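Summary of structural features
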Amino acid sequence: MPLQNSKPVGHLNNNQGIPLNQKLRGQMNADEFKAWLMQFDRNGDQRISKEELTNALRKADKWFVPWKSFRGMNHGDVNGDGFIDKDEIDNLAAYAQKRWGIKIVK
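Below or above, wherever it landed, is the structure these notes cover. Only a predicted model underlies this, so the values are computations on that prediction, with no experimental measurement involved.

If you tally the helices and strands in the protein chain, you get four helices and four strands. Counting from the amino terminus, helix and strand elements in the protein chain follow one another as β-α-β-α-α-β-α-β. Burial analysis of the protein chain (106 residues in total) assigns 38% to the buried set. Taking all contacts inside the protein chain whose residues are at least 6 apart in sequence as the whole, residues at least 24 apart take part in 45%. Accessible area for the protein chain stands at about 6,900 Å²; split by element, carbon and sulfur atoms hold 50% of it.

The following block contains the structure:
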């Protein structure tokens, strides 16, 4: 039996109202990109793993997801610990703007 008030994961919103299945197209500001990305932090450690980045890209309806998550981790994870933390999200955002077809405005 389904839980009451449950919604499919693709339709949940974070606290800022950004849908999990929002397509990464068009414009967003840096805070919106960070909020969109951090809603995929399933274990709540405030870091994004390769698996979490892969899930985010799948929800964003991106093509070549394994390749894009691999490249995104390579560009975003500056310290090489296997995670993108709050200090490295700007690196991923810069890469996403260059390679994923989104525009991040200030």
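Turning to the packing of aromatic side chains, a few remarks are in order. Here the structure, examined in full by the defined rule, presents five aromatic pairs. Measuring from ring centre to ring centre gives 6.0 Å for Tyr-95 and Trp-100, while their planes differ by 80°; the resulting arrangement is edge-to-face. Taken individually, Tyr-95 and Trp-100 each receive the classification buried, so the pair is uniform in this respect.

Now for the side chain of Glu-52. Following the sequence through the fold, Glu-52 ends up in helix α2 (residues 50-59). No salt bridge is formed by the buried Glu-52. Its closest oppositely charged neighbour is Arg-42, at 6.8 Å. For Glu-52, the side chain forms a polar contact with the main-chain nitrogen of Arg-42, separated by 3.1 Å.

Listing the buried residues of helix α1 (residues 30-38) in full gives Phe-33, Ala-35, Trp-36 and Leu-37. With a side-chain oxygen lying 3.0 Å from the backbone nitrogen of Asp-31, the N-terminal cap of α1 falls on Asn-29.

Here we take up a nonpolar patch on the surface. A grouping of Trp-63, Phe-64, Trp-67 and Phe-70 is seen on the molecular surface, where their side chains present a nonpolar patch of about 570 Å² in accessible area. For Trp-63, the position within the fold is in the loop between α2 and α3 (65-76). Residue Trp-63 is classed as exposed on the basis of its relative accessible area, which comes to 62%.

This part takes up the packing of α3 against helix α4 (residues 89-99). The interhelical angle for the contact between α3 and α4, taken along N-to-C directions, is 130°, at an axis separation of 8 Å. The pairing of α3 with α4 is recorded here as oblique in orientation. Between α3 and α4 lies a crossing whose hand is right-handed. Side by side, α3 and α4 meet where Arg-71, Gly-72, His-75 and Gly-76 of the first sit next to Asn-91, Leu-92 and Tyr-95 of the second. Taken together, the residues of the contact of α3 with α4 break down into two nonpolar, four polar and one charged.

Criteria and thresholds
- Residues numbered from 1 in each chain as written.
- Predicted model: local features only at pLDDT ≥ 70, side-chain atom pairs only at ≥ 80, totals over all residues.
- Heavy atoms only, no water.
- Helix = DSSP H or I, 4+ residues; strand = E, 2+ residues; numbered from the N terminus.
- Buried < 20%, exposed > 50% of the residue type's maximum accessible area, 1.4 Å probe, protein only.
- Contact = heavy atoms within 4.5 Å.
- Areas by Shrake-Rupley, 256 points an atom, 1.4 Å probe, with all protein chains shown as cover.
- Phe/Tyr/Trp six-rings, centres within 6.5 Å; stacked < 30°, edge-to-face > 60°.
- Lys, Arg positive; Asp, Glu negative; His and termini not counted.
- Salt bridge = Lys/Arg side-chain N within 4 Å of Asp/Glu carboxyl O.
- Polar contact = N/O pair within 3.5 Å; in protein donor to acceptor, adjacent residues only side chain to side chain.
- Patch = residues over 30% accessible without salt bridge, like charges linked within 9 Å, V, L, I, M, F, W, Y side chains within 5 Å.
- Axes fitted to C-alpha atoms, helices over the stretch in contact; angles between N-to-C directions.
- Parallel < 35°, antiparallel > 145°, perpendicular 65-115°, else oblique.
- Left-handed = near helix turned anticlockwise from the far one by under 90°.
- Nonpolar A, V, L, I, M, F, W, Y, C, P; charged D, E, K, R; others polar.

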